[in-house]
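Observations on the three-dimensional arrangement
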Amino acid sequence: MKARWVKLVIIAVVLYGIRGAGLIKKICQSGVFILALLIMATPVIADDILSQLQAMQRQIQALQDEVQQKQQQIDLMQNKIDQVIKKQEFQQNNRPQTADSAQSQSVLSTTQASKNTSDDEVLFSDNEVFASEEKQQAWPGWLNTFNINGNTALRFEAGSNQQLNQGFTDTYRLSDFNLDFSFEPTPVLDVKLGLQMKELITKNPVRQGLKIDDNGVFNHQFVIKYAYADYEFKDWFQLRFGAFLTPFGVYNESLHADYDSKLVERPFLAEEIIPAPWTQLGIQLHGDIMFSPAWQMNYALYSSNGLEAEQDNNGQLKSSRIKDMSHQLVSRFNSNRATGGRLGLLGNDGQHHFEWGVSTYRGAWNPLATLNLNMLGSDVWYHYKGLDLRAEWALAVQEIALGKQHNYSWYTQAAYRWRLYEPVFRFDRLRNRYFDQNGAFVDDRHRFSVGLNLYLGKFFILKTSFSESIFSVAQRHDHRVITTLTAGF
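The model shown is predicted, which means the values in this text are computed figures rather than measured ones.

1. Remarks on the packing of aromatic side chains
- Under the defined criterion, the tally for this structure stands at 17 aromatic pairs.
- With a centroid separation of 6.3 Å and 80° between ring planes, the pair formed by Tyr251 and Tyr411 is classed as edge-to-face. Highlighted residues: Tyr251 in helix 4 (residues 251–255) and Tyr411 in strand 14 (residues 403–416), separated in sequence by 160 residues. Taken individually, Tyr251 and Tyr411 each receive the classification buried, so the pair is uniform in this respect.

See the structure below:
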């Protein structure tokens, strides 16, 4: 039985092998056929795959070109933004906007502390003040370069107020209102106009006890603070012509407004020695020179009509006081043009901001151009986080009929910003000699001032200060309390 089963198994295997051989043959025949088809179809498939790869490569190249084009556009926009920031920070006082000012004095100056405040550090803020980018793109091209901004201040004063012999104490005053316009008709031409509402005093009203001088006249009038055009050949070589703020120190160009200064009461230097805002009519060369990413220099050289004292109908000078010569853009008889300039060195490592400058001025101050006024000044500023330190000094050597008189003034100021609060301290010193219709006068005084600024919003600041002035010659004191609500727009 076993042998029989063995034979059957062998027969079955053989038959299956024969059948399998046929199957193998068929498979081989089918494989040869498929291989032949593959051999015939391979060039077509290869060409198709190659064309797809080439199409993908072209798409990748197109995407790379588009990315490169977008990057170039981004770089161009970044350069324009850098130029705008640079102009804003340098042209507002060559610029800080230190933490002191809403406009920068240079790339090394910080924007005013109020504008640096984040949304969670203000009591309120309006994020919808400015038009969106989409709306700006819908405007005509020239309109995008036209800007209007400014600031205003409402002041309340109280105190003895004797130093200026003014009777309007314990009263509200519109102490400051500025409108600034700018327009760029071409990428290299920048036109600016600044208007200031000035409190004009025809005659000081004097109050003596219950008696009031009714002849005192007050009115407000817009005056030209600056009106000039800037033509930029290079960053380091720009031409300015028209009426411009005198680049003497930093207070005159950047900090004279109540909104920009730490204390709204001006230092003696910016009242008696430098008649801030001091506007000149003439031509100026200025520019910025980069030494490294952290250091740069700026300069300003100008020729202008200068200052000129007024004279009465008899040809007598009314006053030799420098502050009485401001805002006279046209010298009627003075043919001796004034010259001057400022040289500044600025540093910024990202946290520490430093600036040091030297200023000069020379020009005749009487209508006959026989008496000269020579001025020399220096300023220094340091800012680190919330700490802001500033000092300025100025010397004026004024020729008079009987020789020369020397006037000088300086101040030092410290402030520290902590969130919404900013305490400020300043010390002033002045020694000034002049003559007017009342005769010769020596003004020798110093002053201590303390203040507290409350940042209610990004562009909304409440400033309160107390000052005590000591008059050495008159041997008396004068105190003043000032509260001012300022707003920028």
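Having seen the structure, we can now continue with the description.
2. Notes on unusual backbone geometry
- Note that the residue after Ala276, namely Pro277, is joined by a cis bond; omega there is -10°.
- Even without glycine at this site, Ala369 takes up a positive phi of about 60°.
- Tracing the chain through its elements places Ala369 in the loop between strand 11 (352–364) and strand 12 (372–384).
- Phi angles above zero are rare outside glycine, and Lys385 is one such case at about 55°.
- Inspection of the secondary structure puts Lys385 in the loop between strand 12 and strand 13 (387–400).
- Its relative accessible area of 57% is what places Lys385 among the exposed residues.

3. Notes on the side chain of Asn178
- You can see Asn178 is positioned in strand 2 (residues 171–186).
- Only 3.1 Å separates the side chain of Asn178 from the side chain of Asp176, close enough to count as a polar contact.
- Setting aside residues no more than four positions away along its own chain, Asn178 makes contact with Asn149, Gly150, Asn151, Leu195, Gln196, Lys225, Ala257 and Phe489.

Each value, and the rule that gives it
Residues numbered from 1 in each chain as written. Predicted model: local features only at pLDDT ≥ 70, side-chain atom pairs only at ≥ 80, totals over all residues. Heavy atoms only, no water. Phe/Tyr/Trp six-rings, centres within 6.5 Å; stacked < 30°, edge-to-face > 60°. Helix = DSSP H or I, 4+ residues; strand = E, 2+ residues; numbered from the N terminus. Buried < 20%, exposed > 50% of the residue type's maximum accessible area, 1.4 Å probe, protein only. Polar contact = N/O pair within 3.5 Å; in protein donor to acceptor, adjacent residues only side chain to side chain. Contact = heavy atoms within 4.5 Å.

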